[in-house]
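Listed here are the chains, written in short residue letters.
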Amino acid sequence: MEELTAFVSKSFDQKVKEKKEAKEAFDRGFYLKARTLLEGEGNSSPVRYLRALSAVRGGDDVRAAKEMAELADDYPAMKDRCLTHAGVALEALGRFDEA
């Protein structure tokens, strides 16, 4: 039982460390690094939002538009903000009818 507890604790600690590292990279303006660190962190709405926001801030309009538009329906608390980011990214891509 102790081995299982140690394994779970170590795994949990590593996940927390990775999310913290991703957030720190984002806060420092290293958006590509933040996206990369968040790739293996699952698909919870907050993780998806930070990944998509990294695309927005990093100037990746294609990913920003797609991910923010998809997230809007899955994250009701952030729906308006997601749609705004998606619309701005679509405008930057010249896709005005979709924006």
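The following paragraphs examine the structure supplied in this document. Just so you know, these numbers come straight off a predicted model, no measurement behind them.

**Concerning the overall build of the protein chain**
Next, step 1: Looking only at helices and strands, the protein chain has five helices and zero strands in total.
Next, step 2: Listed by position from the N terminus, the elements making up the protein chain come as α-α-α-α-α.
Next, step 3: Within the protein chain, buried positions represent 30% of all 99 residues.
Next, step 4: Considering only contacts within the protein chain whose residues lie at least 6 apart along the sequence, 39% involve residues at least 24 apart.

**Here we look at the pattern of salt bridges**
Next, step 1: One pass over the structure, following the stated rule, counts eight salt bridges.
Next, step 2: Between E39 and R35 there is a salt bridge, with the nearest N and O atoms lying 3.8 Å from each other.
Next, step 3: Residue class for E39 comes out partly exposed when judged on its relative accessible area of 46%.
Next, step 4: What makes R35 buried here is its relative accessible area of 6%.
Next, step 5: Its salt-bridge partner being E98, residue R95 comes within 2.8 Å of it at the nearest N-O pair.
Next, step 6: On the basis of relative accessibility, which here comes to 34%, the residue R95 falls in the partly exposed class.

**Regarding helix α5 (residues 79-92)**
Next, step 1: The first and last C-alpha atoms of α5 sit 20 Å apart over 14 residues, in line with the 20 Å expected at 1.5 Å per residue.
Next, step 2: Residues of α5 that are buried include every one of C82, H85, A86, G87, A89 and L90, and no others.
Next, step 3: Elements that come into contact with the buried residues of α5 comprise α3 (45-58) and α4 (61-74).
Next, step 4: One or two positions beyond α5, positive phi appears at G94, with a value near 80°.

**A few points about the side chain of R48**
Next, step 1: If you trace the backbone, R48 turns up in helix α3.
Next, step 2: A relative accessible area of 19% places R48 in the buried class.

**Some thoughts on the packing of α3 against α4**
Next, step 1: Here α3 crosses α4 at 155°, and the two axes come no closer than 8 Å. Comparing the axis directions of α3 and α4 gives the class roughly antiparallel. The hand of the α3/α4 crossing is left-handed. Seen from α3, the contacting residues are S45, R48, Y49, R51, A52, L53, A55 and V56; seen from α4, they are R63, A64, E67, M68, E70, L71 and D74.
Next, step 2: Residues that form the contact of α3 with α4 fall into these classes: eight nonpolar, one polar and six charged.

Conventions we followed
Throughout this description, residue numbers start from 1 for each chain and increase along the sequence as written. Under the rules for a predicted model, residues below a pLDDT of 70 receive no local features and side-chain atom pairs below 80 are neither given nor counted, while totals for whole chains, interfaces and linings still include all residues. As a convention, hydrogens and water are excluded, and side-chain values are obtained from all of the structure's heavy atoms. Secondary structure is summarised from DSSP: a helix means a run of H or I of at least four residues, a strand means a run of E of at least two, and numbering begins at the N terminus for each. Buried means the residue's accessible area, taken with a 1.4 Å probe over protein chains only, is under 20% of the maximum for its type, while exposed means over 50%, and partly exposed covers the values in between. Pairs of residues are marked as contacts when any of their non-hydrogen atoms sit within 4.5 Å. When a carboxyl oxygen of Asp or Glu lies within 4 Å of a side-chain nitrogen of Lys or Arg, that pair is called a salt bridge. In a helix, the anticipated span is given by 1.5 Å times the number of residues less one. The angle between two axes is taken between their N-to-C directions and runs from 0 to 180 degrees, where each axis is a line fitted to C-alpha atoms and a helix contributes only its stretch in contact. Here the word oblique covers every angle except those under 35 degrees (roughly parallel), over 145 (roughly antiparallel) and from 65 to 115 (roughly perpendicular). In a left-handed crossing the near helix is turned counterclockwise from the far helix by less than a right angle, and in a right-handed crossing that turn is clockwise. Note that Gly is not counted as nonpolar here; it falls among the polar residues with everything else outside the nonpolar set of Ala, Val, Leu, Ile, Met, Phe, Trp, Tyr, Cys and Pro and the charged set of Asp, Glu, Lys and Arg.

These figures come from the coordinates and say nothing about function on their own.
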